[in-house]
Number of protein chains: 2
Amino acid sequence: MKMSNMLISTLREVPAEAEIESHKLMLRAGMMRKMAAGVYNYMPLGLKVLKNIEDVVREEMNAAGAQEFLASAMIPAELWQESGRWDAYGAEMFRLKDRNQRDFCLGPTHEEVFTDIARNEIKSYKQLPLNLYQIQTKYRDERRPRFGIMRSREFIMKDAYSFDKDEAGLDVSFNKMHAAYVSIFNRCGLDAKCVEADSGAIGGSNSAEFMVKSEVGEDDIVFCTACDYAANIEKAPSTPDMGEKEELKELRKTETPNARTIEELVNFFNCSKKNFAKTLLFNVDGKVIAVMVRGDREVNETKVSNVLGGAVEFEMADEEMVRKATGAAIGFAGPIGIKVDELLVDTEVVNMYNFIVGANETGYHFENVNYGRDFEGKVGDYRNITIGEKCPHCGEEITISRGTEVGHIFKLGTKYSESMNANFIDEDGKSRPFMMGCYGIGITRTMASIIEQHHDDNGIVWPLSVAPYHVTVIPVNIKDENQMKIAEEIYGKLKKMGVDVIMDDRNERAGVKFKDADLMGVPMRITVGKKIVDGEVEFKLRNEADTEVIAIETVASRVEEIFAKNNLSL
Amino acid sequence: MKMSNMLISTLREVPAEAEIESHKLMLRAGMMRKMAAGVYNYMPLGLKVLKNIEDVVREEMNAAGAQEFLASAMIPAELWQESGRWDAYGAEMFRLKDRNQRDFCLGPTHEEVFTDIARNEIKSYKQLPLNLYQIQTKYRDERRPRFGIMRSREFIMKDAYSFDKDEAGLDVSFNKMHAAYVSIFNRCGLDAKCVEADSGAIGGSNSAEFMVKSEVGEDDIVFCTACDYAANIEKAPSTPDMGEKEELKELRKTETPNARTIEELVNFFNCSKKNFAKTLLFNVDGKVIAVMVRGDREVNETKVSNVLGGAVEFEMADEEMVRKATGAAIGFAGPIGIKVDELLVDTEVVNMYNFIVGANETGYHFENVNYGRDFEGKVGDYRNITIGEKCPHCGEEITISRGTEVGHIFKLGTKYSESMNANFIDEDGKSRPFMMGCYGIGITRTMASIIEQHHDDNGIVWPLSVAPYHVTVIPVNIKDENQMKIAEEIYGKLKKMGVDVIMDDRNERAGVKFKDADLMGVPMRITVGKKIVDGEVEFKLRNEADTEVIAIETVASRVEEIFAKNNLSL
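Residues numbered from 1 in each chain as written. Chains lettered and ligands numbered in written order. Predicted model: local features only at pLDDT ≥ 70, side-chain atom pairs only at ≥ 80, totals over all residues. Heavy atoms only, no water.

What to know about the relation of the copies chain A and chain B
If you rotate chain A by 180° and push it 0.0 Å along the axis, it lands on chain B with an RMSD of 0.1 Å. What the rotation and shift describe, once combined, is the action of a two-fold rotation axis. The position closest to the rotation axis in chain A is occupied by the C-alpha of Leu96(A), lying 2.7 Å away. The fraction of interface residues of chain A whose copies in chain B are also interface residues reaches 100%, indicating that both copies meet through the same surface. (Least-squares fit on C-alpha atoms with pLDDT ≥ 70 in both. Contact = heavy atoms within 4.5 Å.)

If you want it as structure tokens, here you go:
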């Protein structure tokens, strides 16, 4: 395409609304524009990249034997009521009514829809396995949409749902998707690490996330410094710090008038955080749950939720609830005499001696508290792993980075097929629920993540595989007929070869054109200038600093070479 | 793809929910399934056809210089309030609120969004002309969703918006789209007739619809029996029947106790419908509008609305309004002494003599009424043209057929750019509103219309250009190793050639496979059976009755031949 006919909306200034590089660059390069908070319009340049990513995803999904489907974004409430998620989903689900006052939502995900399709269309084990996927717009009313399409309210997702007759089949389906995802992110030039993720009430190693490192990511990812272990912090098991065994001292109640927080208590008792066990109270679906962890630790809500069999609402208990459970103001909760629905005690606390806890009395704490002698509870791993702890695989030190999820593969088992009565007839004539898996990739988020990993001070540096255009041909002076003639020839030849090429024939200075080409991130730039008198043009790769001068007749083979280097065919 | 791995959901029975052939066949062939009234999920087979139609549309739009864009389906209310359509759109617009109680709609169309984009991105005449299009999901809460995807509430549309600096530019853009639409429907094998359509308050011949004949269409299309004139009945001008001039008789009030309807009056007065002029009262945006047409004619609401400068709400006046305007019960309205905001008189009535009208008094009519002497009003063409009237182009007889709109091209002029303050700087440094056009194609409706025009008793007969698969290879007996080997070879060879081929390797009787292939409408069928001992297979076109026996080695060239015949390349 000729750029004089294109809607080019590059911006020189950094838009105030953008905080992270991908967001800034997508706005500056004119790839998208904001319609409302977390809702974007894709301009031609941005849409081209999206379509390229979609094509990679589609190819790999098809190669893995999945079949493309397209479900409605509008889903009737009845399906969600069947699965029990209509009420559970909360404010994140966009809901609406039609003219007859029937309830619908805009699908935040499609487990219910595909389970419904399977129960209607699949009767026999002979039709299994089956994997249906779609590339479709999803809606989630995020509390804080931010960072452009990294955390938006309307986004494009590839979601796939597999149906198998048994667990062995599900394993095969899951592994195929795992392999497909590795290929997809590789082909998109995205360094996405596959990490173990929490799989909720289903348990086992049934869930994996594909994460990219990101300062603004919403997740903490645990990496081993020695082996290839990687897991979401929600999932990574902690290793209890085994304190030195001590003689049990006598329990003592101490007045601590102005000390409520761990910091205040550390000052008051003049000791370390490690000498305390804090008791945190949560309101989990209306029940009061107390969780004890060492004073310097953080409660892991996912681990707590899992031991409770799953939770819909999980929040800190309010003052009234705390007062009812402890008989005291906030800041004095402890395990001795507390009235809660469940007292969960982190394994590490069991291995502490003579520690300090709240006394369930305003202004008092207990000293010399010991598990077993003074209180008991349900013991388990309820805390976040911390930097320097042991890798659960090899025992070496772990480290933690922030990350953003770009893909998630998940064994659902029979969670939805059972609740929605989705069955097939097995070889033995018996009716059984489908073994299901679900597999998501955030297409729009993948695009933003690629930019996060591929940019420099001048703009985006697209991998050739997803670039909006492969090559830009820039005549330095559009009033020079010879330059224009050569530029047109190169443009025409490359186009004929199947190269996605643009020509910057705008009446602008060469500097402006170079700046725009760099900002837009086109991988190859061919500059047609004064050197044409020697039969030469300039050839520059966006991801390299140097400019080569090459003979005009070698342009085509040079471009082919770059394609080959990138394992791409024309 | 091998059919044993595909989700095949063909049905032998005709589903009760379907009334028209395309709807029945899309369900029977397993192309889609209903999710809710007017909301459908597309199964793999149906989605493939949709994508093929989309590709044709995309190619022709790109060739016409339009650029693909993708706007959000969720649109903030503010944009619609600016254009004045938030209140005007009524119950047909799906509306929702986000978690912060901000109003959004699900876009039924995108004029506001693209006008907003233009005013933000286009500053100068140098950036014009520009045509932006998208292929995207639209939402309209139809009162009566029916006929499958022919009239659904969620549907896929290609909508384009052109921006020009002046009318001459808009003419060029409009004509390019006209040509593109002709190509698109031709390539899709759809016989769509371009007809003149009403362009509302803008006037002129600025709007054209692409219509397909259909018994269940929502529009009446006027065709000339002699020339190529075609128009929507909303638009087609009527020709007044010039009655013989008569001596004006004396006005007479007559008691007509039980006669209110035209039929009852015809009996009562023992004369023809043509002797009456009926006076119909409408509530148009709160005003009372009376429209007079001859007793046997129908009021054309579009023509009435246009003369009033456009109308949002247009409905029959209720009893209270009628009583207020006429002082009488419904059935006795007439022009003499009526109290209305506007009295519109069809031209034909002006040329009637000594006719009968209501007397604005319950139980009475006037006889020997004459325009000019007894009453006056705003004269114009306010009625539908009828079969046998004169073609406005050549004067020959017209005829009328029902039709369904599959495309619409429309000169918007400055309607939206003015109301939304969307301007650019012209050559002379002055700020001017964009001259806009909009151009829609119902992708899903096009798919249904193709089926309406291409099916037989056995199923769909897809044009090769949009068929879900080009060729199906059917081994008669999958337990016969030789048949399977030959079938695999043919399948592999065609696939390599770029043919979209499936192989029916299911463990089913050949009859079942033939039936499914016919139902699904695959254009070419290659049957691998006993004749392989003679080196032969059967070759059958879906749209021809005969089966040919051909040599195995000629299969590829036979397929190529069919592609060439259809002007398609591989």
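A closer look at the pattern of salt bridges
All names here are of chain B. Summed over all chains, the structure comprises 96 salt bridges over all chains. For Asp159, the salt bridge is made with Lys138, and the minimal N-O distance between the two is 3.0 Å. Linking Asp159 in strand β8 (residues 154–164) with Lys138 in strand β7 (residues 130–139), this pair joins segments that are 21 residues apart in sequence. Here Asp159 matches Lys138 in class, with each residue buried. For the salt bridge of Glu389 with Arg297, the shortest nitrogen-to-oxygen distance reads 3.9 Å. Placement of the pair is Glu389 in the loop between β20 (378–380) and β21 (398–413) and Arg297 in the loop between β15 (287–294) and α8 (301–307), with a sequence separation of 92 residues. Of the two residues, Glu389 and Arg297, neither departs from the other in class, the shared state being buried. (Salt bridge = Lys/Arg side-chain N within 4 Å of Asp/Glu carboxyl O. Helix = DSSP H or I, 4+ residues; strand = E, 2+ residues; numbered from the N terminus. Buried < 20%, exposed > 50% of the residue type's maximum accessible area, 1.4 Å probe, protein only.)

A few points about the sheet that holds strand β19 (residues 364–369) of chain A
Each strand in a sheet pairs with its neighbour through backbone hydrogen bonds, running either in the same direction (parallel) or in the opposite one (antiparallel). Residue and element names in this part refer to chain A. Here we have three strands laid out as an open sheet, ordered β13-β19-β18, and antiparallel in their pairing. The open sheet has two edge strands with one neighbour each: β13 (252–255) and β18 (355–358). Ignoring which end each strand starts from, the neighbouring axes of this sheet average 30° apart. Sheet topology places β13 next to β19; four bridges connect them, and they run antiparallel. Bridge pairing links Thr254 to His365 in β19. (Pairing = 2+ DSSP bridges. Axes fitted to C-alpha atoms, helices over the stretch in contact; angles between N-to-C directions.)

Re helix α6 (residues 167–187) of chain A
All names here are of chain A. The terminal C-alpha atoms of α6 lie 30 Å apart, and with 21 residues this matches the ideal 30 Å at 1.5 Å per residue to within 8%. Taken together, the buried positions of α6 are occupied by Gly169, Leu170, Ser173, Phe174, Met177, Ala180, Tyr181, Ile184 and Phe185. On an axial view of α6, the arc spanned by its buried residues comes to 130°, and they lie on one face. Exposed and oriented more than 90 degrees from the buried face of α6 are Ala168 and Asn186. (Expected span 1.5 Å × (residues − 1). Arc of directions from axis to C-beta.)

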